[in-house]
Each structure stands twice: as structure tokens, then as C-alpha cells.
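# Chain and residue survey
Listed below are the residues making up each chain.
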Amino acid sequence: MPDIPRSAGTRHRPSILVTGATGNLGREVVDRLHAHGARVRCLVRRRTGPHPGAESVVGDLTDPTAVRAALVGIDAVFLLWPLLASAPAHDLVTELSAAAPRVVYLSSTAIDDAAARQSDPIVQVHADMEALLHEAGLRPVVLRSDTLASNARGWAAQLRAGDVVAGPDMARTAVVDERDVADAAAGALLAHHGHPDHGPYLLTGPEVLSRADQVASLGAALGRRLRFEALPAELARSRMLADGRPPQLVEALIAASERRPPSHRTTDHVERLAGRPAGTFARWASDHAVEFERAPD
């Protein structure tokens, strides 16, 4: 397990920049870093309410001036790349190379290292970003995460209205609790800088699940009989576009549903970084059941 400083004491308090800090995962990472006594800076695209114990800097990862300012005095960076293309990241990587912080990059377990091209645009951009960071000499610690449990929050509106989740089906994966990924990320960010293992770490939950399995677990937590309805690609596309999702993202999600292969792999890499085993999706569903409760009449 990495050497994580548990208190500030007389030791150096690392300064860590968190990107994607307002998202489901980023918020959890910020909380853990703050609890371990780190100085935390959040790069956010727009000013939001204050996050206790963290400094916020408004900027965009594609703006080198904003990135340069955010990196001043930073020891480590938790990097989430939000776009479906890696080309706009070249300036970011240049700034990271100049500042030379420890970089922990969140990638995808769906990457096939033996493939010339990945299964879909979402996986491809992760593979491209890994390559870009390595080619720049940054030696990132790569955390390849499986499907995050928090993605199920996208079903909340449907479950507040009824008992059916309808959408594109996805291949089975070992769904992982974002809180476990945050613990693993904190372990990597706070590890002694001489720690030799840069991964990739494959962060998975303890069991492989389909979307129907996840919906059933939510039903058990809610005391309701829920079901998943897989939609044909054209119908799924039209519904996601009608919901206001960006067309490029919609096409990437459809491609993932059609071309990404199933995974049967589980690992102990969460435990290696966080010091405890990964939790189940059933636990996540129980902890978040209130978010999916049926709206009152």
C-alpha cells in the first residue's frame, strides 16, 4: 500500500490540483484529499459554491493560460479529460511537462493494449491520452476504471416516474463504486513521489454486472420490481438527443453499446491502492436509494 500521509504534522503538505472536481468522482477525490491534510485546488469551468477546504480556480483544460496559472505550486494532478478527442490536449500536456507535477490519469479498463484501434470513441480517446502523456515523458500513474456506479444516476428521472429503465444496452462489466475509485486515486496522488509503480491499475468492482443486474439491485434497495428495457440504436439515439445530450456524445455512446466487448475481469487493484476491497453495486444502490425514489403524486 502506498505511503499516505495521515496528518499534516511537520511533514510537507502536498498541493494537489483536481480536474473535474464538481463531478460525481471529482467531488469524492477532493473530500479524501482534504481529509488526508493535502492542500487542494480545483480547476472548474465556472464558479460554483465554495468547497470546504479547497481553493477553486476558474478555467478550462483547453486554455493553456488557465492551466499554467492553476499549476503554480502544485505537486500532483488528478486528470480527467472531458472531451472525445485528444488533439485539444496538446497544450495541456505542454503545460504539465513544464510544471512537472505527478500526474494521475483516470482512464478506462476497456482499453485493449494489443489493438491498433479501440472499440469505440470513448475508449479511443483514453488510449490516445495515455499515449500523449507517456510520449511527453510525464510517466503518469494510470488508473483504468471500469464502469462507475454513479453512471446509474442517469436513470434517476425514469425511476422517479416509473419502474422501467429504457436505454441502449452495454456490455457486462465489473461496475465499480466511484467512492472506491476516489480512495484509489487519493492513494496514488498522496503516495511517496519515489513510488515506482505507475500502473496501469485496473479498478473494478467485485462482480461483473449487466445493466439489467444493476437495475434489479436498485429495485431491491427500493423495494420495487424494476426492469431494464434495451432500446434499438435508432430509438436510443433519438431519445438521448431529445434529452439534450450533445450529438457527438450520443454517437459515442451508441458506438460503445454496439461495439464494446463484454469484460469478465475483476481485480484487487482497488485494495492495493486504497487498502480495502472494493464494495458491491448493491451497497452503492442501498446508499443512494433515496435519489431514485418515486416522485410523490
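A brief structural summary.

About the criteria used
- Residues numbered from 1 in each chain as written.
- Predicted model: local features only at pLDDT ≥ 70, side-chain atom pairs only at ≥ 80, totals over all residues.
- Heavy atoms only, no water.
- Phe/Tyr/Trp six-rings, centres within 6.5 Å; stacked < 30°, edge-to-face > 60°.
- Helix = DSSP H or I, 4+ residues; strand = E, 2+ residues; numbered from the N terminus.
- Buried < 20%, exposed > 50% of the residue type's maximum accessible area, 1.4 Å probe, protein only.
- Pairing = 2+ DSSP bridges.
- Axes fitted to C-alpha atoms, helices over the stretch in contact; angles between N-to-C directions.
- Contact = heavy atoms within 4.5 Å.

Moving on: the packing of aromatic side chains. Using the criterion set out here, one finds two aromatic pairs in the structure. Ring plane angle 20 degrees and centroid distance 5.5 Å describe the contact between Phe281 and Trp284, whose orientation is recorded as stacked. Of this pair, Phe281 and Trp284 are both found in helix 11 (residues 281-287), three residues apart, which corresponds to roughly one turn of the helix. The exposure class of Phe281 is buried, given its relative accessible area of 2%. The class of Trp284 is buried, set by a relative accessible area of 0%. Residues Trp284 and Phe292 carry aromatic rings whose centres are separated by 6.1 Å and whose planes lie at 65 degrees to one another, so their mutual orientation is edge-to-face. With a relative accessible area of 0%, Phe292 lands in the buried category. Put simply, the rings of Phe281, Trp284 and Phe292 pair up and form one aromatic cluster.

The strands that make up a sheet pair up through hydrogen bonds in the backbone, lying either parallel or antiparallel. Ordered in space as 3-2-1-4-5-6-8, the seven strands form an open sheet in which the pairing is parallel. Of all strands in the sheet, those bounded by a partner on one side alone are strand 3 (54-58) and strand 8 (201-203). Along the sheet, successive strands turn relative to each other by an average axial angle of 20 degrees, direction set aside. Here strand 4 (residues 76-79) pairs with strand 5 (residues 102-108) via four bridges, running parallel. Residue Phe78 lies in a different strand from strand 5, and its bridge partner there is Val104. Of the strands in this sheet, strand 1 (15-19), strand 2 (39-44), strand 3, strand 4 and strand 5 are in contact with helix 1 (residues 24-35), which crosses strand 1 at around 170 degrees.

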